[in-house]
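Overview (structure and organization)
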Amino acid sequence: MAPMMKSMVMTKSALMAALAEACEVKRGVIGTALSTLASIATTEAKKNGKFVIPGVAMIKTRQKKATKAGKREIFGKVVMVKAKPAKTIVKAFPAKALKDEF
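Read on for a plain summary of the structure. Everything numeric in this text was worked out from a predicted model, so none of it was measured. (Residues numbered from 1 in each chain as written. Predicted model: local features only at pLDDT ≥ 70, side-chain atom pairs only at ≥ 80, totals over all residues. Heavy atoms only, no water.)

Here the focus is the overall build of the protein chain. Regarding its fold elements, the protein chain presents 3 helices and 5 strands. For the protein chain, the α and β elements follow one another from N to C terminus as α-α-β-β-β-β-β-α. In summary, the protein chain has a C-alpha radius of gyration of 21 Å against a globular reference of 13 Å for 102 residues, an excess of more than 25%. Buried positions account for 12% of the 102 residues belonging to the protein chain. Put simply, of all contacts in the protein chain between residues at least 6 apart along the chain, 35% involve residues at least 24 apart. Surface summary for the protein chain: the accessible area is close to 9100 Å², and the carbon and sulfur share equals 64%. Side chains of the protein chain carry 21 positive and 6 negative charges; the gap between the two charge centres is 18 Å. (Helix = DSSP H or I, 4+ residues; strand = E, 2+ residues; numbered from the N terminus. Rg over C-alpha atoms; globule rule 2.2 N^0.38 Å. Buried < 20%, exposed > 50% of the residue type's maximum accessible area, 1.4 Å probe, protein only. Contact = heavy atoms within 4.5 Å. Areas by Shrake-Rupley, 256 points an atom, 1.4 Å probe, with all protein chains shown as cover. Lys, Arg positive; Asp, Glu negative; His and termini not counted. Charge placed at Lys NZ, Arg CZ, Asp CG, Glu CD.)

Right under this line is the structure:
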């Protein structure tokens, strides 16, 4: 049996190199484009609660309600839990085109 290989995730620099080669532009231009995309996605997700990168993913935000402190039964045991404030949750969902590939 062959040893388990660690799956390699594409790094930012590898992604920049691949995009620069495919688009025939300098890596610096691609780096600026990626950082601009990230800042636009952050701004739009905060403002509208939703941001779509066509063909790749949709980023959504939702509000999670505050929880009160008290006793809760967890796996048959009564446990004291702390109060937690309300917070915004960010989730990413794959686009339909990406889901259909798998």
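Here the focus is the sheet that holds strand S2 (residues 57–64). A sheet is described by the order of its strands in space; here 3 strands give the open sequence S1-S2-S5, paired in antiparallel fashion. Across the chains shown, the open sheet's two edge strands, defined by having one partner strand only, are strand S1 (50–53) and strand S5 (87–94). Pairs of neighbouring strands in the sheet enclose a mean axial angle of 20°, with direction left out of account. As paired strands, S1 and S2 are joined by 4 bridges and run antiparallel to one another. The residue bridging Lys50 from the neighbouring strand is Lys60, located in S2. Running over the sheet, helix H2 (residues 27–48) touches S1 and S2 and is turned about 145° from S1. (Pairing = 2+ DSSP bridges. Axes fitted to C-alpha atoms, helices over the stretch in contact; angles between N-to-C directions.)

Quick look at a positive patch on the surface now. Taken together, the side chains of Arg62, Lys64, Arg72, Lys84, Lys87 and Lys91 define a basic patch exposed on the protein surface. Elements with a minimum of two residues in the positive patch: S2 and S5. Residue position: Arg72 is located in strand S3 (residues 70–74). (Patch = residues over 30% accessible without salt bridge, like charges linked within 9 Å, V, L, I, M, F, W, Y side chains within 5 Å. Salt bridge = Lys/Arg side-chain N within 4 Å of Asp/Glu carboxyl O.)

In sequence, S1 turns back onto S2 through a hairpin of 3 residues, with Gly55 there showing a positive phi of about 80°. In the sheet, S2 pairs with S5 via 8 bridges, with the strands oriented antiparallel. The residue of S5 that forms the bridge with Met58 is Phe93.

Next up on the list: the pairing of strand S4 (residues 77–81). Among the 5 residues of S4, 0 are classified as buried, and the element is accordingly described as predominantly exposed. Pairing of S3 with S4, which is carried by 5 bridges, proceeds in the antiparallel orientation. Bridged to Ile74 within S4 is Lys77. With antiparallel pairing between neighbouring strands as the criterion, S3 and S4 make up a hairpin whose turn holds 2 residues, including Phe75 at a positive phi of roughly 50°.

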